[in-house]
Structure formats: C-alpha cells, structure tokens
Amino acid sequence: MINVVIYLKKHHHSKELVKHLLAERLIASASIDENNVSYRMEDDAFVEDVNNVITAQSKSLLFTEILKAVRYKIGEEVPINAVPIMGVNRIFDEIIRGGTLPA
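A brief report on the enclosed structure follows. Quick caveat, the model's predicted, so the values are computed rather than measured.

1. Notes on the packing of aromatic side chains
According to the stated counting rule, one finds one aromatic pair in the structure shown. Between Tyr39 and Phe46 the ring centres are 5.2 Å apart and the planes differ by 15 degrees, which places this aromatic pair in the stacked class. Owing to a relative accessible area of 59%, Phe46 belongs among the exposed residues under this scheme.

2. What to know about the sheet that holds strand S4 (residues 80–84)
Strand order in the open sheet formed by four strands is S2-S3-S1-S4, with antiparallel pairing between adjacent strands. Two strands in the sheet have a free side with no partner beyond their single neighbour: strand S2 (29–42) and S4. Going across the sheet, the axis of each strand differs from the next one's by a mean of 30 degrees, ignoring polarity. As paired elements, strand S1 (residues 2–9) and S4 share five bridges and run antiparallel to each other.

3. Here we look at a nonpolar patch on the surface
Together, Val37, Tyr39, Met41, Phe46 and Val50 line one region of the surface with nonpolar side chains, adding up to about 520 Å² of accessible area. By secondary structure assignment, the location of Val50 is in strand S3 (residues 45–58).

4. Comments concerning helix H1 (residues 14–23)
What H1 keeps buried is the set Ser14, Leu17, Val18, His20 and Leu21. The arc that holds the buried residues of H1, viewed along the axis, is 160 degrees, so those residues lie on one side. Projecting away from the buried face of H1 at angles above 90 degrees are the exposed residues Lys15 and Ala23. After H1 finishes, the residue Arg25 shows a positive phi value of roughly 60 degrees.

How each quantity is defined
Residues numbered from 1 in each chain as written. Predicted model: local features only at pLDDT ≥ 70, side-chain atom pairs only at ≥ 80, totals over all residues. Heavy atoms only, no water. Phe/Tyr/Trp six-rings, centres within 6.5 Å; stacked < 30°, edge-to-face > 60°. Buried < 20%, exposed > 50% of the residue type's maximum accessible area, 1.4 Å probe, protein only. Pairing = 2+ DSSP bridges. Helix = DSSP H or I, 4+ residues; strand = E, 2+ residues; numbered from the N terminus. Axes fitted to C-alpha atoms, helices over the stretch in contact; angles between N-to-C directions. Patch = residues over 30% accessible without salt bridge, like charges linked within 9 Å, V, L, I, M, F, W, Y side chains within 5 Å. Areas by Shrake-Rupley, 256 points an atom, 1.4 Å probe, with all protein chains shown as cover. Salt bridge = Lys/Arg side-chain N within 4 Å of Asp/Glu carboxyl O. Arc of directions from axis to C-beta.

This is the structure in structure tokens:
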C-alpha cells in the first residue's frame with residue numbers, strides 16, 4: 001500500500017482528477033491540500049511554488065496506472081511521488097483493498 005502525492009498547479013482541476021482516479025478504482029481515497037506552499041532553489045534563486053496537493057491511498061501495484069492516468073488527464077510535467085504505508089488497521093486495509101482494482 002502507498003500514499004501517492006501529486007502536486008498540481010492551481011489552474012489544474014485537482015478535484016476532477018481525484019474523481020477520475022476514484023472512478024477508475026486506481027485509488028481508494030484522497031485528500032486535497034489547496035494552496036500548499038513549497039520552496040526550492042533554482043539557479044541560486046529562492047522559489048516559492050503554490051500547488052494543490054493530492055494525497056491518495058492505493059496499492060503499490062497500481063502506481064504505474066496512476067502515472068498513466070495523470071499523464072493522460074494533466075500532462076507529463078506533474079511531480080508525483082509515492083511513499084509506502086508501513087502499517088494499517090483492519091478498517092484502513094478494507095478501504096484500500098475494497099476501493100481499488102484487484103492487483
């Protein structure tokens with residue numbers, strides 16, 4: 001099981017992407033953090049980015065399909081990472097297993 005973190009520019013429709021991923025059963029649940037501020041250095045300049053960040057729960061075997069779906073809906077230039085979920089209780093396990101495609 002994984003948490004998939006997707007960073008979308010504000011002009012992209014994060015809610016529509018979540019609806020699509022849920023409808024395709026690629027993710028079991030998701031939250032959207034609007035106006036998330038992150039910082040980085042670019043060419044020795046301090047850069048502030050404001051994104052809508054989706055954190056979605058899924059099976060690790062569906063990660064490639066999630067990448068394909070985001071690429072199809074939004075494009076290739078979307079930063080995405082996945083973090084393993086190290087432990088869950090029975091309720092959370094049922095949410096992910098029951099809400100996603102069989103892997």
